[in-house]
Every structure is written in C-alpha cells, then in structure tokens.
Amino acid sequence: MSSQAVYFTFLLFVAATTLLQLYLSLRQSRAVLRHRHRVPADFATAVTLEEHQTAADYALAKQRLARWQIVYDTLLLLLFTLGGGLNLLARWTAGWSEHPLTQGVYLVAAFVLLNALLSLPFSLYRTFRLEAAFGFNRATPATFAADQLKGLLLGGLIGIPLLYAMIYLMGAMGKGWWLWVWLLWLGFSLLMLWAFPKWIAPLFNRFEPLPDAALRQRIEDLLSRTGFCSDGVFVMDGSKRSGHANAYFTGLGRHKRIVFFDTLLGNLLPQEVEAVLAHELGHFKHRHIAKQMAITFLLALAVLFVLGQVIHHSAFYQGLGVAHPSHAMALLLMLLVLPVFTFPFAPLAGLASRKNEFEADRFAAEHASAADLAAALVKLYRSNAASLVSDPWYSRFYDSHPGARERLAALKQLPEQAT
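What you see is a predicted model, and the numbers here were worked out from it, not measured in a lab. Position numbers for residues start from 1 in each chain and track the written sequence from start to end. Per-residue local features of the predicted model are confined to residues with pLDDT of at least 70, and side-chain atom pairs are confined, for both listing and counting, to 80 or more; whole-chain, interface and lining totals are unaffected and use all residues. Just so you know, side-chain values use all the structure's heavy atoms and leave hydrogens and water out.

**Here's the deal with the pairing of strand β4 (residues 257-261)**
Here's step 1: Summary of the burial criterion: residues with accessible area below 20% of their type's maximum are buried, those above 50% are exposed, and those between are partly exposed, where the area comes from a 1.4 Å probe applied to protein chains only. The way it works is that DSSP assigns letters per residue, a run of H or I at least four long becomes a helix, a run of E at least two long becomes a strand, and they are numbered from the N terminus. Burial of β4 is extensive: 5 of the 5 residues sit out of reach of the surface.
Here's step 2: Neither face of β4 is open: one carries Arg257, Val259 and Phe261, the other Ile258 and Phe260, and all of them are buried.
Here's step 3: For two strands to be treated as a pair, DSSP must find at least two bridges joining them. Here 4 bridges tie strand β3 (residues 247-250) to β4, and the two strands are oriented antiparallel to one another. Bridging from a neighbouring strand, threonine 250 pairs with arginine 257 of β4.

Structure follows, in structure tokens:
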C-alpha cells in the first residue's frame, strides 16, 4: 500500500469514526430528552419525577461534554500525526541521548506527559464542574493533584523499564519480534493483575476489612456455597473522591479480593449487598473475566502481528505524517490510530458484555435473590443518577450493561432461590 493510500484510508476512518461518535451522542441526548418529563412505567413506584429528571440532566451534561471531547481528541490526533506533532517530539527528544533505545523511551515518555497535560482541562472540568454540579464530586484539588502525580510517578516506575524491554526486543529479535513483545506484555499484564490489589490500589485508596460482622457472615456463607476462595472482603473509601457506588473483585488465584465501595454499603440492605456480590461472583463462575482476558490477549497478538508486517514500510510512516521512523514511533502510531479503526467493531464487544451481565444476573438469582438484586439495582440507578432510558444504537456501541428497563424485566422472569 502506498503512502497516499495510507493517508486517505486514515482520513476516511478518522472522519467516519468522529461523525459516527457525534451522531450516536446526539441520538442519546435526544432519547433522554424525549423521556425527561415522564418516569418510565417500570420505575414509576421506585423513582420520583425529580430523581428521573436529575438523571436525565446528568446524562445530557455528560453527552455535551463528550461531544466536545470527541472533537478535541480528533484534532489532537490529526495534530500529532498529519500535523507533524510526533515529528517535533522526535526531533526534540533525539537530543537528549545518543543511544537509539533511550531516544525511543524518551519519545514515548514525552508523548505520555504531553498527552496527560493536554487531557487535563477535560479531567478538571469533569471532576470539579460536571460531577460537582450533580453532587458526586468529593475530591479536593489536593486529592486530585496527588492522584495525578502518583499516577505519573507510578507509570514512570513501571512503564519505563517495560518500554526499554519492548523497544529492545523490537530491535533484537528480527522479524518475529512481535511474538516476543507479546509474551513480555502478557507476563507484565498478569503480574499487574496479581500486584494491583495488594500493592498498587492502596496507593490511591484505603482498604479495610468489612467491619459489619453480620454482613461478613452472610457474605462468607455465600462464598462457601458458591465455592469462591478469596483473600478477604474489603471496604474502599470511594467516598473520598466520588458519591458513585460500586463493587468489584480483583486479583488472581488465591489472592482475589472482594471490594465494596463505602458509598454502596451505606445505601443497600444486607440482602441487597449479598445479591450484588452474587452477581459479581457469577462473572467469576462463568469465567467471563478469564474469557475477556483471553480475547484481549489474542487481539493484542493480532495487533502486534499487523504492526510487525508494516513496521519496516516507509509508506506506513509517511502516510501518517511521520518523517522519523523508529520502533518507538511505530508503537506510538499504533497507540494513536488503533481506536480509529476498531471503533466500528465496538458493538461486538458490547453484545458479549451484555450477554455476560444477563448470565451473572441469573447466577445471582440462583444463589441469592432476583428480587433483592432488582431492588439493589434500582437504588444504584437512583444514587448514581443513571439514565433509565437509552437510545438503542448508542447502547449497542457504548453500553457494557443492559439497559435499566431491559435488565429489570429479565430479573422479574427469574425464579427465586428455593429456601
């Protein structure tokens, strides 16, 4: 493929993806606005009109910000590629070292820092204007700044050695470098999954053993009858930054941890907490996480293979506006352009994810209570100001969970656990 073909193909996908994202966002806003003045019948007894309208306004505000960010991100992408931004970075960082390997690490590090700086206005607005306007932000400027600095320092400590290793393998392993880089990335990803709950997450949040003895016993009984082994049940101080509520489990092997946000525990009854946890355990029992990881690893292998086929072709770089080819530059180009080419396939991932959610709900109904899970979900929709309506096409591209009405309708059809 010639550089001109690469250039026009890239522009075509950038334009198509940007217009599609803006179109979907407008569809979502119209759907939310159309139903703003009436609570959906399924929620008429559980959600007040005021709560419904607040959720609608929150959704509309997020979509307005999303449209601005879509345009902004597209302009940055074009600026870095066809606009010559990566060329300027490459020339700038080339003077920092005479060693090509170190030059490559400097190039990627400089891009990451610059990109973080350019993304900062949207992060600040989202946290201190949008989230604050709807009562969700709990972070102080000091907490926000500390999070940013810790994230950059941690990224440097972990990412720079990984970058050195990846760029070295790209130059030392011949045409099959992509397989070695993939194996390195695979091992690194598994290591991070193991280390995250014990070593990384505590740098940002406080985790304490669940203090409620009765609730802890209820959870231990659930874990026992579902055959789930964990490293403990913990409460995270999510309220330190946000009023949103959530729960998750993380880790590998016997080092898995169950984590509840303190905002969730303060809003749900014990039996509802149990049902939410049963849903999360359903993901584990159906091996959703393992399957998702396997798919992610295979897709990464495919991407690195494709990169391995084009990395030595000048048309690849010239067509994307780059005049300084290198292994580090190839990685940056992959990082920048990949979302443009993969967004049209987002509905496939969303379809699989929503199917997994329904399976996890069925597991929760078998081992806890469908009614308790439904009640918990309604409370979470209310406390998180989640929109109860969604445009079907927007949902296909963006929603990893089924819509509120669809999900509750499915739960109502499930039998209760036999007692």
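From this point, things continue past the structure.
**Re the domain arrangement of the chain**
Here's step 1: Domain segmentation is taken from an automatic or database assignment of domains. Along its sequence, the chain is organised into domain 1 (3-202 + 291-347) and domain 2 (206-282 + 349-412).
Here's step 2: When each unit is reduced to the centre of its C-alpha atoms, the spacing between domain 1 and domain 2 is 27 Å.
Here's step 3: Here a residue-residue contact requires only that any non-hydrogen atoms of the pair lie within 4.5 Å. In this complex, domain 1 contributes 40 residues to the contact, which on the side of domain 2 involves 35 residues.
Here's step 4: Where domain 1 abuts domain 2, roughly 3,400 Å² becomes buried across the two surfaces, and 63% of that area is made up of carbon and sulfur atoms.
Here's step 5: Looking only at domain 1, the three residues that lose the most surface to domain 2 are Phe43, Phe136 and Pro347, adding up to 18% of its buried area.
Here's step 6: Each reported salt bridge corresponds to a side-chain nitrogen of Lys or Arg within 4 Å of a carboxyl oxygen of Asp or Glu. When the shortest N-O distance is used, the salt bridge between aspartate 147 and arginine 241 registers 2.6 Å.
Here's step 7: Identification of polar contacts relies on pairs of N or O atoms within 3.5 Å, with a donor-acceptor requirement for protein atoms, meaning one able to donate a hydrogen and the other able to accept it, and with residues adjacent in sequence counted only if both atoms are side-chain atoms. Counting every contact that joins domain 1 to domain 2 gives 16 residue pairs in polar contact (both at pLDDT 80 or more).
Here's step 8: Elements supplying a minimum of two residues to the side of domain 1 that touches domain 2: α1 (3-34), α2 (49-80), α5 (141-172), α6 (177-200) and α13 (346-367).
Here's step 9: Here the side of domain 1 that touches domain 2 gets 8 residues from one element, more than from any other, and that element is α1.
Here's step 10: Looking at the side of domain 1 that touches domain 2 residue by residue, the classes come out as 25 nonpolar, 8 polar and 7 charged. A simple way to read buried area is as the amount of 1.4 Å-probe accessible surface that goes missing from two parts once joined, with both sides added. When residue character is reported, Ala, Val, Leu, Ile, Met, Phe, Trp, Tyr, Cys and Pro are called nonpolar, Asp, Glu, Lys and Arg charged, and the others, Gly included, polar.

**Observations concerning the pattern of salt bridges**
Oppositely charged side chains can form a pair if their charged atoms are brought close together.
Here's step 1: According to the stated counting rule, one finds 12 salt bridges in the structure shown.
Here's step 2: Note that arginine 218 and glutamate 274 form a salt bridge whose closest N and O atoms lie 2.7 Å from each other. Of this pair, arginine 218 sits in helix α7 (residues 213-226) while glutamate 274 sits in helix α9 (residues 270-285), placing them 56 residues apart in sequence.
Here's step 3: Owing to a relative accessible area of 8%, glutamate 274 belongs among the buried residues under this scheme.
Here's step 4: Among the charged side chains, a network of salt bridges with common partners joins Arg206, Glu208 and Asp237.

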